[in-house]
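Chain and residue survey
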Amino acid sequence: MFRLESLAARHEAAFIASARASRDLHHPWIAPPCSTASFRVHLKRYGQPSQASHVAVDTANGGLIGAVHLNEIVYGALESAYLAYFVFRPYAGRGFMSRVLAGVIELAFTQYRLHRLEANVQPGNQPSKRLVQSLGFRLEGFSPRYLRINGAWRDHERYALTTEDWFGPVERR
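What comes next is a walk through the structure. Predicted model only: the values in this text are computed from it and were never measured.

**With respect to the packing of helix α1 (residues 12-21) against helix α3 (residues 36-45)**
- Taken N-terminus to C-terminus, the directions of α1 and α3 make an angle of 115 degrees; their axes are 10 Å apart at the nearest point. You can see that α1 and α3 cross each other, and the crossing is right-handed. Contacts between α1 and α3 involve Glu12, Phe15 and Ile16 from the first element and Thr36, Phe39, Arg40 and His42 from the second.

Now the structure itself:
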C-alpha cells in the first residue's frame, strides 16, 4: 500500500537518496534532483500554482516509491497538464507505478478539475510506454527534439488521456 503526498521539504533526504540510488534506472530518460541544491530548486518550482508534484510513500516502511508531476497546469479552455513520473529502487518493475500514476490521474481529473493529461515519452523507453498505454493513454503523435533531457534534445512520442477516456462520457461544468 502507499499514500500520495504533495512534495514537501520533509521529503528532501529520502528523495535525494532514492534518486541517487536510482540513477542507472532513470538515465537517459529523466534526471530527478540528486543534490540538496537541485532538490530545493525542484521544490520551489512545484510550489508554483501551475505545477504540482506528488510522491508515493510506502505505508509499510515509509520509503519513497516514486513521484508524479503535473507540469504546466492550464485552466480556461484547455484544462490540461503534462505528466512527468519516475519510480525509485527497489520499487521498479513491481507494478507500483501503475497504481501510483492511476492515483494521480484520479486527482488530476477530480481535485485539479483537469480535462486532459499528456505524457511525452522517449521512443526507446518501453517500460514508460507500456505504463501509459496500460492506463488508457492513446498515442497522438511524434515530436522530434521535443524536450532537453540530460543536456540533449530528445524525440518524444505524445500520449494523451482525457476525462472521457478515464470516466467515460461525463458532464462537466
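**Description of the nonpolar core**
- The biggest cluster of nonpolar side chains holds 31 residues, and the ones touching the most others in it are Leu70, Leu83, Tyr85, Leu117 and Phe137.
- Elements with a contribution of two residues or more to this core: β2 (52-58), β3 (64-74), β4 (80-87), α4 (96-109), β5 (116-121), α5 (126-134) and β7 (152-162).
- No other element matches the nine residues that α4 contributes to this core.
- Beyond its immediate sequence surroundings of up to four residues, Leu117 is in contact with Leu70, Ala81, Leu83, Ile105, Ala108, Phe109, Phe137, Tyr159, Ala160 and Leu161.
- Leu7, Ala19, Val57 and Phe86 belong to the second largest nonpolar core, which has 12 residues in total.

**Examining the pattern of salt bridges**
- Across all of its chains, the model carries 10 salt bridges by this definition.
- The shortest N-O distance in the salt bridge between Glu140 and Arg116 comes to 2.5 Å. Of the two residues, Glu140 sits in strand β6 (residues 138-149) while Arg116 sits in strand β5, which places them 24 residues apart along the sequence.
- Judged by relative accessible area, Glu140 falls into the partly exposed class, the value being 35%.

**Topic: the sheet that holds β5**
- The seven strands are arranged β1-β2-β3-β4-β5-β7-β6 in an open sheet whose pairing can be described as mixed. With one partner strand each, in any of the chains shown, β1 (2-6) and β6 form the two edges of the open sheet. Between one strand axis and the next, the sheet turns through 30 degrees on average, direction left out of account.
- Strands in contact with α4 are β1, β2, β3, β4, β5 and β7; relative to β3, the strand with the most contacts, it is inclined by about 30 degrees.

**Examining unusual backbone geometry**
- Cis geometry is adopted by the peptide bond preceding Pro28, which originates at His27 and carries an omega value of 5 degrees.
- Take Pro28: it is sitting in the loop between α2 (23-26) and α3.
- With omega at 5 degrees, the peptide bond leading from Arg89 into Pro90 counts as cis.
- Relative to the assigned elements, Pro90 resides in the loop between β4 and α4.
- Despite not being glycine, Glu72 has its phi angle at roughly 55 degrees, a positive value.

**Quick word on α4**
- End to end, α4 covers 20 Å across 14 residues, agreeing with the expected 20 Å (1.5 Å per residue, within 8%).
- Listed as buried for α4 are Phe96, Met97, Val100, Leu101, Ala102, Val104, Ile105, Ala108 and Phe109.

**Some words on α5**
- When we look at burial in α5, the residues that qualify are Ser128, Lys129, Leu131 and Val132. Buried residues of α5, seen end-on, are gathered within an arc of 160 degrees and therefore sit on one face of the element. In α5, those exposed residues whose orientation departs by more than 90 degrees from the buried face are Pro127 and Ser134.
- Looking at the buried positions of α5, the neighbouring elements they touch are β4, α4, β5 and β7.
- Among the residues trailing α5, Gly136 stands out with phi positive, at a value near 95 degrees.

**Remarks on the environment of Tyr75**
- Mapping Tyr75 onto the fold places it in the loop between β3 and β4.
- Residue Tyr75 is classed as partly exposed on the basis of its relative accessible area, which comes to 43%.
- Separated by 75 residues in the primary sequence, Tyr75 and Asn150 place their C-alpha atoms 30 Å from one another.
- Residues within four places of Tyr75 in sequence aside, it is in contact with Tyr112, Arg113 and Leu114.
- One polar contact links the side chain of Tyr75 to the main-chain carbonyl oxygen of Tyr112, over a distance of 2.9 Å.

Criteria and thresholds
- Residues numbered from 1 in each chain as written.
- Predicted model: local features only at pLDDT ≥ 70, side-chain atom pairs only at ≥ 80, totals over all residues.
- Heavy atoms only, no water.
- Axes fitted to C-alpha atoms, helices over the stretch in contact; angles between N-to-C directions.
- Helix = DSSP H or I, 4+ residues; strand = E, 2+ residues; numbered from the N terminus.
- Left-handed = near helix turned anticlockwise from the far one by under 90°.
- Contact = heavy atoms within 4.5 Å.
- Core = buried A, V, L, I, M, F, W, Y, C linked by side-chain atoms within 4.5 Å.
- Buried < 20%, exposed > 50% of the residue type's maximum accessible area, 1.4 Å probe, protein only.
- Salt bridge = Lys/Arg side-chain N within 4 Å of Asp/Glu carboxyl O.
- Pairing = 2+ DSSP bridges.
- Expected span 1.5 Å × (residues − 1).
- Arc of directions from axis to C-beta.
- Polar contact = N/O pair within 3.5 Å; in protein donor to acceptor, adjacent residues only side chain to side chain.

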